[in-house]
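Geometric and topological summary
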Amino acid sequence: MQDRDGFYAQLWAYLPTSDQQPVSTKTIARHFRLGPYRESTLAYPRLARWADEGLVERIVRPGEKALHWRRTPTRDQACAESSESAAE
């Protein structure tokens, strides 16, 4: 597996934006071909940290155990503004 920073960059890029449907932790694990151990020690802790920092939304749908994730609107706007200022 690539280094953690590389994985986290790919994970961030994979997360849907705030106006898209969120993805589950299991979907993320399948996309990156993570086994249960790597899912619980690599993907989930980073997603939870980003949620605590306000970078992603942690969504629990009624009647489901799986957590779903997507970027927050504030973070999407900050990324867009950063891209615009870099282009100038």
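Let us look at the structure shown here. (Residues numbered from 1 in each chain as written. Predicted model: local features only at pLDDT ≥ 70, side-chain atom pairs only at ≥ 80, totals over all residues. Heavy atoms only, no water.)

Time to look at the sheet that holds strand S2 (residues 56–60). Strands belonging to one sheet form pairs held by backbone hydrogen bonds; the direction of such a pair is parallel or antiparallel. In space, the three strands of this open sheet follow the order S1-S3-S2, with antiparallel pairing throughout. One side of each edge strand has no neighbouring strand; the edge strands of this open sheet are strand S1 (23–24) and S2. As judged from the two bridges shared by S1 and strand S3 (residues 67–71), these two strands associate in the antiparallel manner. In the sheet register, Ser-24 faces S3, and the bridge partner there is His-68. Sheet strands in contact with helix H3 (residues 36–52) are S2 and S3, and its direction is about 110° off that of S2. (Pairing = 2+ DSSP bridges. Helix = DSSP H or I, 4+ residues; strand = E, 2+ residues; numbered from the N terminus. Contact = heavy atoms within 4.5 Å. Axes fitted to C-alpha atoms, helices over the stretch in contact; angles between N-to-C directions.)

Further remarks concern the pairing of S3. With five of five residues buried, S3 lies mostly within the body of the structure. Across the two faces of S3 the burial is the same, with Leu-67, Trp-69 and Arg-71 and His-68 and Arg-70 all buried. Of the strand pairs in this sheet, S2 and S3 are connected by five bridges, and their pairing is antiparallel. When the bridges of S3 are listed, Val-56 appears paired with Arg-71. Between S2 and S3, which pair antiparallel in sequence order, lie six residues; one of them, Gly-63, sits at a positive phi of approximately 80°. (Buried < 20%, exposed > 50% of the residue type's maximum accessible area, 1.4 Å probe, protein only.)

Our focus in this paragraph is the environment of Ala-51. Turning to its location among the elements, Ala-51 is positioned in helix H3. Along the backbone, Ala-51 and Thr-72 are 21 residues apart, and their C-alpha atoms lie at a distance of 8.8 Å. If near-sequence neighbours (up to four positions away) are discounted, Ala-51 is found in contact with Val-56, Arg-58 and Trp-69.

What follows covers the nonpolar core. A general feature of soluble globular proteins is that nonpolar side chains tend to end up buried together. Core analysis: the largest hydrophobic core is formed by 18 residues, its most contacted members being Phe-7, Leu-15, Ile-28, Trp-50 and Trp-69. For this core, the secondary-structure elements that each account for two or more residues are helix H1 (4–14), helix H2 (25–31), H3 and S3. Per-element accounting of this core gives the leading share, five residues, to H3. Leu-15 has contacts with Val-23, Ile-28, Leu-47, Trp-50, Val-56, Trp-69 and Arg-71, leaving out every residue within four places of it along the chain. (Core = buried A, V, L, I, M, F, W, Y, C linked by side-chain atoms within 4.5 Å.)

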